[in-house]
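# Structural overview
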Amino acid sequence: MIEVLSPDTERTDRREKFLSYTQIETIEEYVLVAQDQVEVTIFRRAKGWQPEVLRAADQSLRLSSIDFVLPLSAVYEGVKV
């Protein structure tokens with residue numbers, strides 16, 4: 001599950017949706033993408049839902065549940081942050 005954060009939704013995405021999504025047994029990863037700065041937070045069931053925060057454009061978002069890799073530079077391409 002991937003959510004793009006905004007000032008209006010961040011609190012809901014970080015708390016209420018997080019609690020709801022982590023109860024769904026088929027969800028393996030929950031990703032929050034900031035829209036105003038380079039920051040992607042990944043929560044993984046396999047890691048006890050502990051956050052992994054990526055803040056550098058040269059890092060990559062890796063989602064093992066779907067065998068997917070995407071550089072943060074691509075996520076934020078064309079976005080002023």
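All figures in this text were calculated on a predicted structure; none of them were measured in a lab.

Moving on to the nonpolar core. Formed by Val31, Val33, Ala34, Val40, Ile42, Leu54, Leu61, Leu63, Leu72 and Tyr76, the largest nonpolar core amounts to 10 residues. Elements with a contribution of two residues or more to this core: β2 (29-34), β3 (40-44) and β5 (60-63). Looking at this core, the element that brings in the most residues is β2, giving 3 residues. In contact with Val40, other than residues within four places in its own chain, are Val31, Leu32, Val33, Glu52, Val53, Leu54, Leu61, Leu72 and Tyr76. Of all hydrophobic cores here, the second largest spans 8 residues; its members include Phe18, Ile27, Leu32 and Trp49.

Right, let's get into the environment of Gly48. When you line up the elements, Gly48 lands in the loop between β3 and β4 (51-54). Between the alpha carbons of Gly48 and Thr22 there is a distance of 9.9 Å; along the sequence they are 26 residues apart.

This part covers the sheet that holds β2. Strand-to-strand pairing in sheets goes through backbone hydrogen bonds, with the strands running parallel or antiparallel. What the 4 strands build is an open sheet, ordered β1-β2-β3-β4; its pairing is mixed. The strands lining the two open edges of the sheet, one partner per strand, are β1 (2-5) and β4. Across the sheet, the mean angle from the axis of one strand to that of its neighbour is 20°, orientation sign disregarded. As defined by bridge partners, β1 adjoins β2 across 4 bridges and the pair is classed as parallel.

Here β1 shows a buried face lined by Glu3 and Leu5 and an unburied face lined by Ile2 and Val4. Each parallel crossover has a hand, and the one from β1 via helix α1 (residues 10-21) to β2 is right-handed.

Procedures and definitions
- Residues numbered from 1 in each chain as written.
- Predicted model: local features only at pLDDT ≥ 70, side-chain atom pairs only at ≥ 80, totals over all residues.
- Heavy atoms only, no water.
- Core = buried A, V, L, I, M, F, W, Y, C linked by side-chain atoms within 4.5 Å.
- Buried < 20%, exposed > 50% of the residue type's maximum accessible area, 1.4 Å probe, protein only.
- Helix = DSSP H or I, 4+ residues; strand = E, 2+ residues; numbered from the N terminus.
- Contact = heavy atoms within 4.5 Å.
- Pairing = 2+ DSSP bridges.
- Axes fitted to C-alpha atoms, helices over the stretch in contact; angles between N-to-C directions.
- Right-handed = clockwise from strand over helix to strand, strands pointing away.

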